[in-house]
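For reference, the chains in residue letters:
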Amino acid sequence: MTEESKKAKEKTQNIDHSTMHHSNYEHDRPMHDMTGIEHNHDKMAADHDTHAGHEMNKKEMEMGGHADHNMSMDHNGHEGHGAHVDHSGHEQMFRRKFWVSLILSVPVLLFSQGFQTLLGFSMPVFPGSRWITPIFAVIVFVYGGLPFIKMAIPEIRNRQPGMMTLISLAIIVAFVYSVASLFLANQMDFFWELATLIAIMLLGHWIEMRSIRQASGALNALAKLMPDSAERIEANGQITKVAVSELKSGDLLLVRPGSSVPADGKVEDGESAVNESMITGESKPVHKHPGEKVVGGSINGDGSLRVRVTATGDQTALAGIMRLVQQAQMSKSRTQLLADRAAGWLFYIALGTAVITAIAWTIGVGFNVKVIERVATVLVIACPHALGLAIPLVVAITTAMGANNGILVRNRLALEAAREINMIVFDKTGTLTEGRFGVVGIETIDGIKPQDALALTAAVEGDSEHTIAQGIRRSAQQKGLDLPVVQDFEAIKGRGIHAKTNGHDVYVGGPRLLEMLNVTLPELLSTFDQAASAKGQSVVHLVQDGKLLASLALADVIRPESHEAIQRLHEMGVQVAMLTGDSQAVAKTVAGELGIDTYFAEVLPENKDQKVNELQKQGLRVAMVGDGVNDAPALTRADVGIAIGSGTDVAVESAGIILVKSNPLDVVKVIELSRASYRKMRQNLIWAAGYNVVAIPLAAGVLAPWGILLSPAVGAILMSLSTVIVAINAQLLRTKQL
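This report concerns the structure included in the present document. Since we're looking at a predicted model, the values are computed, not measured. (Residues numbered from 1 in each chain as written. Predicted model: local features only at pLDDT ≥ 70, side-chain atom pairs only at ≥ 80, totals over all residues. Heavy atoms only, no water.)

## Quick notes on helix α23 (residues 608–617)
Turn by turn, an α-helix covers 3.6 residues, leaving residues three or four places apart pointing in a common direction.
Next up, step 1: For α23, every residue scored as buried is listed here: K608, D609, V612 and L615. Buried residues along α23 cover an arc of 115° about the axis, so they all sit on one side.
Next up, step 2: Buried residues along α23 sit against β13 (423–427), β20 (575–579), β21 (598–600), β22 (622–626) and α24 (632–637). (Buried < 20%, exposed > 50% of the residue type's maximum accessible area, 1.4 Å probe, protein only. Helix = DSSP H or I, 4+ residues; strand = E, 2+ residues; numbered from the N terminus. Arc of directions from axis to C-beta. Contact = heavy atoms within 4.5 Å.)

The structure is reproduced here in structure tokens:
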């Protein structure tokens, strides 16, 4: 295990100060405490039967190199990679054993009579030279082959034989026959094939472990975000450097420019732009000022912050995200269950084929090395490596990609079902719109510029806390307008606002203000007012010295991303509906502007799930996008529930998928990710199944009449190549641009 991996693993454990639970070939479902909660490690990103036996006692650890892992098994078919994060221990073990076995195999090959005959060369003969091949082959068998046999024991013990059992049968048959051939007349040994078979199997496992580590590194990447230490400000003002694990809620921390935020908290002093991209997927740094929340693991910008800790350890947002990532990687998809069953059948198909092959070849040519060669080749080539990796690698990569884009998968089946969605229902407020007022239209008279009218109105509304006043000020701020100086601010109850600027009396308000001032709307502004009111928008008027200057329409501002999101969903063949408690006029306006197919207006929160059910009764596969709390019944009712804008609050039980940001374009990403991952799963399954359909008959020797026979070593190469192809194809998913 690399030093970097060790540190990341320690951080993962330290989130809740938990310790590893080690098991010594126990299969009583041990538990592993990760980020503060215990999980049954039925499955992780690399869930397959290859390593069902990767639990070893101390002595076996030295052989298997699994000291860095505590594992637990789910022996359903061909599963069994425990839910561990770091595969570097396995990877280094297989790499080490491969190189040692490869070196030891050289004398086995050089002094093997069969290998010399095959290549047409000879080695010097000297006393004891005939024993070089068997002695070195036995060493290779014990050093490189015995771990496979030990890993097969749990499969047999659980009565669910898998890949390790097939590999073990192949090398044991080859080993026993080769040893027996030493004492039988006119029998060719199988030692060089045995040595090369073991070396190639070790190489395949090394490559596989490397792929698994790369695919399932999401937890390590998240764990590395959290710093090892923090600077705590004591009551006397002194700054003390402490371990992050020692922090507690209420501590005041100093977060220097460029350093990571050690825990969740609230800014008490200072301003800075904080990079939260690695947690939320938001590429732009977020400006933080006193009162704003900061997330542990995010990176501070140029400013210095003093942060009051609100959550530590397993209560932090990062820990919650890590739990979701881990749960998603451990959860089974329907496609995975199919692959598990297929891999389970494959063992018995391979075993049956091996028996039939042995009988047929014994009848045809007699019992000799050719029979052993055929049986060993069938057993090796049928190992369900590719089937075992086909789905878990894709799951791990998909989960990591989602997390990097602010998409947190609570339920793996929800992401898998998203590819079939043909109707998406958006809650309007806060999802398609910003959920707050903004100026959506300005009409002026007498040549006054709209930006000048907005600046003057915002200045007059400067001291008001009304939502409309806030919307006007926000719109002016977004446009970067310079506001004139006003004084003598006065709120006119039920009518509007009055203030003075440069000696002029300025009023802002609605129709009742105009009545009070006895001002009549001119035709241009009257037409504007009627059109805005028909759309359900609120209108305020700007009056200076008794003369109307402008009218401003305000409404819940549509998010700029909503237009593109709806357009892209339509291009993907997905219909869009909108739910809102607003009036028909407001709903019609928003739906018309965004090009939404169907809308439901004046819907009470408790009735939203009924609308979802109505769409489902029409035969539509419905996804609901809304607030994880207020829209909980509708999210639960939908085929896929997507909680949007939850920030780093991952405790949204009603949704299968959680979107960190309030960006409707992320809904498009969910469907794209679901469809892309399903394509990769299907491609991998087709390849893995197709490989076995072709390879097993070839291994049995169906083409022997035409002189085509596969040796066990070639079979091992083909099996390893099929695994590598599946792994590479899964990695290509990373090239998908979301």
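Additional details are given in the paragraphs that follow.
## Focus on unusual backbone geometry
Next up, step 1: Backbone geometry places D446, a non-glycine residue, at a positive phi of 60°.
Next up, step 2: Its location among the elements puts D446 in the loop between β14 (433–444) and α17 (450–460).
Next up, step 3: Note on D446: relative accessible area 53%, which makes it exposed.
Next up, step 4: One non-glycine residue, E602, adopts positive backbone phi at about 55°.

## Describing the packing of aromatic side chains
Next up, step 1: With the rule as written, the count across this model stands at 6 aromatic pairs.
Next up, step 2: A ring pair is formed by F111 and F126, whose centres lie 6.0 Å apart and whose planes are at 80°; its orientation type is edge-to-face. In this pair, F111 is assigned in the loop between α3 (88–110) and α4 (113–119) and F126 in the loop between α4 and α5 (132–157), connecting sequence segments 15 residues apart.
Next up, step 3: Classification of F126 as partly exposed rests on a relative accessible area of 40%. (Phe/Tyr/Trp six-rings, centres within 6.5 Å; stacked < 30°, edge-to-face > 60°.)

## Comments concerning the sheet that holds β21
In a beta sheet, neighbouring strands are held together by backbone hydrogen bonds and run either parallel or antiparallel to one another.
Next up, step 1: Pairing is mixed in the open sheet, where 7 strands are placed in the order β12-β24-β23-β22-β13-β20-β21. The open sheet terminates on both sides in strands that have one partner only, identified here as β12 (407–409) and β21. When the angles between neighbouring strand axes are averaged without regard to direction, this sheet yields 20°.
Next up, step 2: In this structure, β22 lies alongside strand β23 (residues 640–644), joined through 4 bridges in parallel fashion. In the sheet register, V625 faces β23, and the bridge partner there is I642.
Next up, step 3: Strands β20 and β21 of the sheet are contacted by helix α22 (residues 584–594), whose axis makes an angle of about 155° with β21. (Pairing = 2+ DSSP bridges. Axes fitted to C-alpha atoms, helices over the stretch in contact; angles between N-to-C directions.)

## A word on the pattern of salt bridges
Next up, step 1: Counted under the stated rule, the structure contains 17 salt bridges.
Next up, step 2: The closest approach of N and O atoms between D609 and R637, which form a salt bridge, is 3.7 Å. Residue D609 is found in helix α23, and its partner R637 is found in helix α24; the two are separated by 28 residues along the sequence.
Next up, step 3: Between D666 and K669 there is a salt bridge, with the nearest N and O atoms lying 3.6 Å from each other. Pair noted here: D666 and K669 are both in helix α25 (residues 665–700), with a separation of 3 residues, about one helical turn. K669 carries the same exposure label as D666, and that label is buried.
Next up, step 4: Salt bridges linked by common partners bring R232, E234, K248 and D251 together as one network. (Salt bridge = Lys/Arg side-chain N within 4 Å of Asp/Glu carboxyl O.)

## What to know about helix α14 (residues 392–404)
Next up, step 1: Its 13 residues give α14 an end-to-end C-alpha distance of 18 Å, which sits within 8% of 18 Å, the value for a rise of 1.5 Å per residue.
Next up, step 2: Among the residues of α14, P392, L393, V394, V395, A396, I397, T398, T399, A400, M401, G402 and A403 are the ones counted as buried.
Next up, step 3: Once α14 ends, the next one or two residues include G406, with phi positive near 75°. (Expected span 1.5 Å × (residues − 1).)

## Describing the nonpolar core
Next up, step 1: Counting 111 residues, the largest nonpolar core has I424, F426 and I657 as the members making the most contacts within it.
Next up, step 2: It is α25 that provides the largest number of residues to this core, a total of 15 residues.
Next up, step 3: The contacts of F426, once residues within four sequence positions are left out, are T431, L432, I566, L569, V576, A577, M578, L579, V625, P664 and V667. (Core = buried A, V, L, I, M, F, W, Y, C linked by side-chain atoms within 4.5 Å.)

## Some remarks on the environment of F111
Next up, step 1: Sequence-wise, F111 and P134 are 23 residues apart; in three dimensions their C-alpha atoms are separated by 9.4 Å.
Next up, step 2: In this structure F111 touches Q116, M123, P124, F126, S129, I132 and T133, once residues within four positions along its chain are discounted.

## Focus: the environment of E420
Next up, step 1: Inspection of the secondary structure puts E420 in the loop between α15 (412–417) and β13.
Next up, step 2: Classification of E420 as partly exposed rests on a relative accessible area of 36%.
Next up, step 3: Here the side chain of E420 touches R419 through a polar contact of 3.3 Å, side chain to side chain. (Polar contact = N/O pair within 3.5 Å; in protein donor to acceptor, adjacent residues only side chain to side chain.)

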